[in-house]
Amino acid sequence: MRRFECSVCGYIYDEAVGLPEKGLAPGTKWEDLPEDFVCPLCSAPKTVFKPLGETAAPQPAIKRNNPVVNGDRAHGDIRDLSAGEIAAICSSLAKGCEKQRLIEEMEAYSALADYFKTKGMAQGVTLADTAVMLNEDIAKGFAAAKAAAQADGDRGALRSLIWSEKVSIMLQSLLDRFANEGDDMLSNTKIFVCDICGFIMLGGAAPEICPVCKVPQYKIVEIERR
Amino acid sequence: MPAYRNVRLCGKDCMCLYVCPTGATNTENSIIDTAKCIPGCMACVNACPSGAISMIPDEYPPQQPKSPEVVTEQRALGRSKVQQEEIAAAVAATTDSAVTRQFAEALAKSNLRMAEDILRESGYLLPQSAEARELLTAMLENTAPDFPTDAVERLLNQLHKTPDQN
């Protein structure tokens, strides 16, 4: 009997236990699960599960060839930041002010985020373009960033990467499905986004806690159709 | 350092009302009146049986330093997520399908949350940090008529009162 772990939320499917509440009796083999089997906790597809017990080959650290750090300043040169990146930094800092109950400062950072956001609009693009970039993140970007964070013992950076890698794997599976099914993918389901880590879930209701960052339900928002 | 009440945790145990020497905790909207609150008093924090009241710090230590390699990689990945957010937002703004728009809006929000978190961990954790101050100072060079210079000046004045404050 083997065990398979969801690479998004960590749920383990144990062949010996099965999943009786979904009609999968104890002893049901992994290959006998239906192709539309999804993780009972986070609804990620069968393809993101990994067999347990096999140690994955260590990923070689892949260095990117677009260094953005100039000089000796450890936070890099701000002139290398795009408008969209400054917008994301400012909206993050606005939330930091909100957590510190600095409301005027939150509004000021939000005004800056809004200004820079309008300067970075893309044109003539499709969701397939994001899928290409996402696949590159998952194939290379996360491994390189995790190697750097691990080498420096930077647990904060590593935490951000572990969460966003799980979210990215879920997004990749949804973009794959959307490429095949189109709008039918969402015909009978609601769509929820975790307002903390960005995890996307399809289903009838938001989960009790986010499967990735474990934040409670009230911070998971439904994206309405309009 | 005023007190803050988390309304989600407040069990209406009322101990804060009994111990507050100024009546700052007794408000109709449950928000502690910072004008009345005695900084550092702690009476309500210590008395609350639900652990719903905490003190908001006045000062924060410098944020943890980042290695150049971590900054490079977090920025590269953050840039990718920002670009994916911009693409998804553009699709949401232009598609004729309400369902595609719904999905694209979810993707845009998801990518923005990831970008914020990844870039925050590139040296922008703390709004009061020297890194944030440098970013704001560089923005003062922006002379575009629609640029909210007043917001930058307010942040530099209120969050960064002294040059050596982190």
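Throughout, a residue's number is its position along its own chain's written sequence, starting from 1. In the order they appear in the text, chains get letters beginning with A and ligands get numbers beginning with 1. In keeping with the predicted nature of the model, local features appear solely for residues at pLDDT of at least 70, side-chain atom pairs appear and are counted solely at 80 or more, and the whole-chain, interface and lining totals rest on all residues. To get the side-chain values, take all heavy atoms of the structure and skip hydrogens and water.

A. Structural context of the environment of B:K36. All names here are of chain B. Per the convention used, a helix needs a DSSP run of H or I reaching at least four residues, while a strand needs a run of E reaching at least two, with both numbered from the N terminus. As for its position among the elements, K36 is in the loop between α1 (15-19) and α2 (43-47). The spatial distance from the C-alpha of K36 to the C-alpha of A108 is 43 Å, given a sequence separation of 72 residues. The contact rule is simple, with two residues in contact once any of their heavy atoms fall within 4.5 Å. In contact with K36, other than residues within four places in its own chain, are T22, G23 and A24.

B. The arrangement of the pattern of salt bridges in detail. Salt bridge, as applied in this entry: a Lys or Arg side-chain nitrogen positioned within 4 Å of an Asp or Glu carboxyl oxygen. Summed over the entire model, instances satisfying the criterion amount to 19 salt bridges over all chains. Ionic pairing is found between A:E35 and A:K46, a salt bridge with its closest N-O pair at 3.6 Å. Of this pair, A:E35 sits in the loop between β2 (12-14) and β3 (49-51) while A:K46 sits in the loop between β2 and β3, and the two are eleven residues apart along the sequence. Whether a residue is buried, partly exposed or exposed follows from its accessible area with a 1.4 Å probe, protein chains only, as a fraction of its type maximum: under 20%, in between, or over 50%, in that order. Classification of A:E35 as exposed rests on a relative accessible area of 66%. In this structure, A:E181 and A:R177 form a salt bridge, with 3.0 Å as the shortest nitrogen-oxygen distance. Taken as a pair, A:E181 and A:R177 lie in helix α4 (residues 155-181) at a separation of four residues, close to a single helical turn. A residue is classified by how much of its surface remains accessible, and A:R177, at 34% relative accessible area, is partly exposed. One salt-bridge network, held together by shared partners, links A:D154, A:R159, B:K66, B:D117, B:R120 and B:E121.

C. Main features of the interface of chain A and chain B. In this assembly, 88 residues from chain A lie in contact with 76 residues from chain B. Throughout, the accessible surface (probe 1.4 Å) given up by two parts as they are put together, summed over both, is called the buried area. Taking both partners together, chain A and chain B bury about 7,400 Å²; carbon and sulfur atoms supply 63% of that area. Here chain A is connected to chain B by ten salt bridges. The partner of B:K109 in a salt bridge is A:D195, with the nearest N and O atoms 3.5 Å apart. For this analysis, a polar contact is any N or O atom pair within 3.5 Å, provided that within protein one partner can donate a hydrogen and the other can accept it, and provided that sequence-adjacent residues contribute only side-chain to side-chain pairs. Connecting chain A to chain B are 28 residue pairs in polar contact (both at pLDDT 80 or more). Secondary structure elements with two or more residues in the side of chain A that touches chain B: α1 (83-99), α2 (103-117), α3 (127-151), α4 and β4 (190-194) of chain A.

D. Representation of helix α5 (residues 130-139) of chain B within the structure. Listed as buried for α5(B) are B:E131, B:A132, B:L135, B:L136 and B:M139. Angular distribution of buried residues about the axis of α5(B) spans 135°; they occupy a single face of the element. Our arc is simply the arc of the directions from the helix axis toward the C-beta atoms.

E. Seen up close, the sheet that holds β4(A). Each pair of strands is called paired provided DSSP finds at least two bridges between the two strands. Read across the open sheet, the three strands follow the order β5-β4-β6 (chain A); overall the sheet is antiparallel. With one partner strand each, in any of the chains shown, β5 (200-203) and β6 (220-222) of chain A form the two edges of the open sheet. Sheet twist, expressed as the mean angle between neighbouring strand axes with direction ignored, is 30°. Both β4(A) and β5(A) contribute to a ladder of four bridges, which runs antiparallel. Bridging from a neighbouring strand, A:V193 pairs with A:I200 of β5(A). Where helices are involved, their axes are fitted lines through C-alpha atoms of the stretch in contact, as for all axes, and angles between N-to-C directions lie from 0 to 180°. Helix-sheet contacts for helix α4 (residues 98-120) of chain B involve β4, β5 and β6 of chain A, and the interaxial angle to β4(A) is about 10°.

F. Geometry of the packing of aromatic side chains. Stacked, tilted and edge-to-face pairs are distinguished by plane angle, under 30 degrees for stacked and over 60 for edge-to-face with tilted covering the rest, among Phe, Tyr and Trp rings (Trp via its six-membered ring) whose centres lie within 6.5 Å. In the structure shown here, the tally under the stated rule is eleven aromatic pairs over all chains. Both rings, one in A:F116 and one in B:F147, keep their centres 6.0 Å apart while their planes meet at 70°; by these two values the pair is edge-to-face. Placement of A:F116 in helix α2 and of B:F147 in the loop between α5 and α6 (149-159) is noted, with the two residues assigned to different chains. For A:F116, a relative accessible area of 9% translates into the label buried. Centroid distance A:F178 to B:F103: 4.8 Å. Interplanar angle 40°. Geometry classified as tilted. With A:F178 in helix α4 and B:F103 in helix α4, the pair connects residues from two separate chains. Taken as a pair, A:F178 and B:F103 share a single burial class, namely buried. The rings of A:F4, A:Y11, A:Y13, A:W30, A:F37 and A:F49 are connected pair by pair, giving a single aromatic cluster.

G. How the structure looks around the domain arrangement of chain A. What counts as a domain boundary in this text is fixed by an automatic or database domain assignment. For chain A, the assigned domains read domain 1 (1-57), domain 2 (83-117) and domain 3 (188-226). Taking the mean C-alpha position of each, domain 1 of chain A and domain 2 of chain A sit 41 Å from one another.

H. Up close: a nonpolar patch on the surface. Like charges within 9 Å and nonpolar side chains (Val, Leu, Ile, Met, Phe, Trp, Tyr) within 5 Å are joined into patches, using only residues over 30% in relative accessible area that form no salt bridge. Methods summary: accessible areas were calculated by the Shrake-Rupley approach with a probe of 1.4 Å, and residue burial reflects only the protein chains presented. Judged by side-chain polarity, B:M15, B:L17 and B:Y18 come together as a nonpolar surface patch covering roughly 300 Å² of accessible area. With respect to the secondary-structure elements, B:Y18 resides in helix α1.

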